[in-house]
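# Descriptive structure summary
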Amino acid sequence: MVNHHTEIVGGGELSMLQLMDGLKAIGESVSLITSGPGELAERAGENGHTVHMVPMPPIGPGSIRALGKWHKKLQEIGGEVLHAQTPRAAFYAGLAGRRASVASIFHCRVAARDRKLDPILVRLVSRVVCNSRATSERFESWPWLKPLVIYNGLDVEVMPLLPDRGETRKTNLLFVGRLSEEKQPDVAWEVFSGLAEEFPELNLVFVGSDDLLNPSVAANLRKRVAHSPLKERVVWAGARQHVSPWYAMAELVIMPSKYEGFGRVLVEAMAHRLPVVAFRVGGIPEVIENGRQGILIEPYDIDAMREAVRELLQDDVKRRQMGEAGPDRARKFSLSSHIEAVIRLYRSLAGDGRGD
């Protein structure tokens, strides 16, 4: 695995780590190449993976020196496939892999186009993989490319069932994700604050880290909440490695993202029998069936999102029916299915005749 990030900046890194663990569990040899020490390397090391650190500076004059170090490292560690998780990582993996005759994959998880780098990557790497059909549209300018869609996988079978709720238990509206402009946590606040008077037991819980690249999003939101009479009904849980306890204390999940390539939170929510209210963007409609495991809202209608949350809070039967429809749907995005698809891809690239 190749990732130029040193920290866990989002679901992409979490999905990569889960894939590494899953591959290791079935006896596959897997290691991580990252650009330096940090949370990502620490987590991989804690899980028993070998970690190699090779510079991946921003693409420019310094890249030539870095590629020399890449060549030396690949000669040292060997390997049949370089599975890059970010565009910058794919650039280095693609060039180094070509020199060392090692197959390379660009695992694309974001639909936003990189007009400078994409035309290079599509010709540089051996294969492009996308986490949804929506993400694959990033490459529609190259109809010959035909990206392989492999949905993210989660180990849904180990997620605990929700406990029974007592009649006096407070109701939580749950937001899980980075507090970033893309995830729009301010919309979750707008929805909650518009319903707080009508539902006096309703709390809003934010589970997720501040955006490292734009911390002002979280700072501005906290300032708004701090000046509101509703501030005592907002919980800032921060980043959590284990989110199940927070799902267990919620009635439903809100996802007001501007875009989601896949949305691993959707699968987690379904596995925990929680309905989701989300904007109909990106890969979300490929995961949630509107009206079955949740309600999808046309982007970016905040009033309609508020009404959907109100509807589910008022209708216990409908909310529970949607929750009960979740686990079966979540199993379609299981880690085992994800690993099987990735192994088929590896084998096809390694050329041992066992792949598709």
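Structural notes, computed from the coordinates. One numbering rule holds for all chains: residues counted from 1, following each sequence as written. Note on the predicted model: pLDDT of at least 70 is required for a residue's local features to be given, and 80 or more for side-chain atom pairs to be given and counted; whole-chain, interface and lining totals, by contrast, use all residues. Working from all heavy atoms in the structure, the side-chain values ignore hydrogens and water.

The next thing to look at is the pattern of salt bridges. We define a salt bridge as a side-chain nitrogen of Lys or Arg found within 4 Å of a carboxyl oxygen belonging to Asp or Glu. Under the definition given, this model contains 22 salt bridges. R113 serves as the salt-bridge partner of E140, at 2.9 Å between the closest nitrogen and oxygen. Taken together, the residues span a long stretch of sequence, with E140 in the loop between α6 (133–136) and β7 (148–149) and R113 in the loop between β5 (103–108) and α5 (118–124) at a distance of 27 residues. Judged by relative accessible area, which is 39%, R113 ranks as partly exposed. With a closest N to O distance of 2.6 Å, E260 and K183 form a salt bridge. Numbering of helices and strands runs from the N terminus; a helix is a DSSP stretch of H or I covering at least four residues, while a strand is a stretch of E covering at least two. Summary of the burial criterion: residues with accessible area below 20% of their type's maximum are buried, those above 50% are exposed, and those between are partly exposed, where the area comes from a 1.4 Å probe applied to protein chains only.

By nonpolar core is meant a set of buried Ala, Val, Leu, Ile, Met, Phe, Trp, Tyr and Cys residues that side-chain atoms within 4.5 Å join together. Ranked by internal contacts, the top residues of the largest apolar core, which has 61 residues, are L174, F192, Y247 and V309. Working rule for contacts: check all heavy atoms of both residues, and any pair within 4.5 Å makes them a contact. Here V309 is in contact with L173, V191, L195, L252, I254 and V277, once residues within four sequence places are set aside. Counting residues in hydrophobic clusters, the runner-up holds 29 residues, among them A66, L117, V122 and V125.

Let us look at the sheet that holds strand β11 (residues 252–255). Taken in spatial order, the six strands make up an open sheet running β10-β9-β8-β11-β12-β13, and their pairing is parallel. The outermost strands of the open sheet, each flanked by one partner alone, are β10 (234–238) and β13 (294–297). Going from strand to strand, the sheet's axes swing by 20° on average, the running direction of each strand aside. Two strands qualify as a pair provided DSSP detects at least 2 bridges between them. Bridging between strand β9 (residues 202–207) and β10 involves four bridges; their strand directions are parallel. Residue pairing for β10: V207 is matched across the bridge by G238. Every axis corresponds to a line fitted to the C-alpha atoms, with the helix fit spanning only the stretch in contact, and the corresponding angles, defined between N-to-C directions, vary from 0 to 180 degrees.

Turning our eyes to something else, we now look at unusual backbone geometry. A cis amide bond, omega -10°, links P299 with the succeeding residue Y300. Notably, S101 is not glycine yet its phi reads approximately 55°, a positive angle. Along the chain, S101 turns up in the loop between α4 (87–100) and β5. We note that R273 has phi near 60°; this positive angle belongs to a residue other than glycine. Since its relative accessible area comes to 27%, R273 is described here as partly exposed.

This brings us to the state of the cysteines. By convention in this document, the label disulfide applies to cysteine sulfur atom pairs within 2.5 Å. A full pass over the atoms with the stated rule returns zero disulfides. Considering cysteine sulfurs only, C130 is the nearest to C108, which forms no disulfide, with 4.7 Å between them. Using a relative accessible area of 1% as the deciding quantity, one classes C108 as buried. For C130, a relative accessible area of 0% translates into the label buried.

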